[in-house]
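Survey of secondary and tertiary structure
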Amino acid sequence: MSADFDLADLKRRMQGAIATLKHELGGLRTGRASASLLEPIHVEAYGQSMPMNQVATISVPEPRMLSVQVWDKGMVGAVEKAIRNSNLGLSPMTEGLVLRIRIPELNEQRRKEMAKVAHKYAEDARVAIRHVRRDGIDMLKKLLKDKEISEDDQKRQEAEVQKATDQFVADVDSALAAKEKEIMQV
């Protein structure tokens, strides 16, 4: 077995695609409040763009409410503006250093749009996983051509790569199904 081919590395790269997908799905708005909803938002702070979690604490006091505790009094306006301009359809109410954000119900059309976006994220993850698979299989073919592995080894390793690919694609499908169920839940 050659040192050039590393199944664990391929699996790690596939796992990275799953992690990215879960992060993207976490940012999709459903009817329920989730702190991860505001994480992708950046705030203009101290002359630069900073992630929300570096200027405030986000919590979920109720199922349909987010609370954003801003650390610096001068940042409250910038945080509120960033949330309003985020295209999430949220409008915060300011009470001192705390912004309260009601999460409105999603209408049917908005739910379908969210489901489409979730499908796109899942397809991107599947494509990324297939790219990793192709890299692995190309590597095996090159090793076979260079006579570093036997044809039997190549076939066995290709089967392992395919098995890993199938497993990770199944993980993508289950993450998508769970998110879709959450989005469509009224």
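Residues numbered from 1 in each chain as written. Predicted model: local features only at pLDDT ≥ 70, side-chain atom pairs only at ≥ 80, totals over all residues. Heavy atoms only, no water.

Let's talk about the overall build of the protein
- When helices and strands are counted, the protein shows 4 helices and 6 strands.
- Listed N to C, the secondary structure of the protein is α-β-β-β-β-α-β-β-α-α in terms of helices and strands.
- Taking 2.2 N^0.38 as the reference for a compact globule, 186 residues should give roughly 16 Å; the C-alpha atoms of the protein span a radius of gyration of 22 Å, well beyond that estimate.
- In terms of overall dimensions, the protein has C-alpha extents of about 70 × 40 × 20 Å along its principal axes.
- Expressed as a percentage of the 186 residues in the protein, the buried residues total 38%.
- Look at the contacts in the protein between residues 6 or more apart in sequence, and 66% of them connect residues 24 or more apart.
- Each charge sign in the protein was given a centre, from 30 positive and 29 negative side chains, and these centres are 5 Å apart. (Helix = DSSP H or I, 4+ residues; strand = E, 2+ residues; numbered from the N terminus. Rg over C-alpha atoms; globule rule 2.2 N^0.38 Å. Buried < 20%, exposed > 50% of the residue type's maximum accessible area, 1.4 Å probe, protein only. Contact = heavy atoms within 4.5 Å. Lys, Arg positive; Asp, Glu negative; His and termini not counted. Charge placed at Lys NZ, Arg CZ, Asp CG, Glu CD.)

Let's talk about unusual backbone geometry
- A positive phi is found at tyrosine 46, a non-glycine position, where the angle reads about 50 degrees.
- With respect to the helices and strands, tyrosine 46 occurs in the loop between β1 (42-45) and β2 (48-51).
- Not every positive phi belongs to a glycine, and lysine 147 is a case in point at roughly 60 degrees.
- By the secondary structure assignment, lysine 147 is in the loop between α3 (108-145) and α4 (151-184).

What to know about the sheet that holds strand β5 (residues 93-95)
- Taken in spatial order, the 4 strands of this open sheet run β3-β4-β6-β5, and their pairing is antiparallel. In the strand order of this sheet, the two ends are held by β3 (56-62) and β5, each with one partner. In this sheet, adjacent strand axes meet at a mean angle of 25 degrees when their direction is disregarded.
- As paired strands, β3 and strand β4 (residues 65-70) are joined by 5 bridges and run antiparallel to one another. From the neighbouring strand, threonine 57 faces β4, where its bridge partner is glutamine 69.
- Packing of helix α2 (residues 76-84) onto the sheet brings it into contact with β4, β5 and β6 (98-102), and relative to β6 it is tilted by some 15 degrees. (Pairing = 2+ DSSP bridges. Axes fitted to C-alpha atoms, helices over the stretch in contact; angles between N-to-C directions.)

Thoughts on the packing of helix α1 (residues 7-26) against α3
- At a closest axis distance of 9 Å, the pairing of α1 and α3 adopts a crossing angle of 170 degrees. On the basis of their axis angle, the class for α1 and α3 is roughly antiparallel. Residue-level contacts link Leu10, Arg13, Met14, Ala17, Ile18, Leu21, Glu24 and Leu25 of α1 to Ala118, Tyr121, Ala122, Ala125, Ala128, Ile129, Val132, Arg133, Asp135 and Gly136 of α3.
- Its residues assigned to classes, the contact of α1 with α3 comprises 13 nonpolar, 1 polar and 4 charged. (Parallel < 35°, antiparallel > 145°, perpendicular 65-115°, else oblique. Nonpolar A, V, L, I, M, F, W, Y, C, P; charged D, E, K, R; others polar.)

Details of the pairing of β2
- Of the strand pairs in this sheet, β1 and β2 are connected by 4 bridges, and their pairing is antiparallel. Directly across from alanine 45, in β2, lies its bridge partner glutamine 48.
- Hairpin remark: β1 followed by β2, antiparallel, with 2 residues in the connecting loop; positive phi at tyrosine 46, about 50 degrees.

Re the environment of aspartate 173
- Tracing the backbone shows aspartate 173 in helix α4.
- Take aspartate 173: its relative accessible area is 34%, and that puts it in the partly exposed class.
- When the C-alpha atoms of aspartate 173 and arginine 84 are compared, they prove to be 32 Å apart, with 89 residues separating the residues in sequence.

Some words on the pattern of salt bridges
- As enumerated under the stated definition, the model contains 13 salt bridges in all.
- The shortest N-O distance in the salt bridge between aspartate 135 and arginine 13 comes to 2.6 Å. Placement of the pair is aspartate 135 in helix α3 and arginine 13 in helix α1, with a sequence separation of 122 residues.
- A relative accessible area of 36% means that arginine 13 is categorised as partly exposed. (Salt bridge = Lys/Arg side-chain N within 4 Å of Asp/Glu carboxyl O.)

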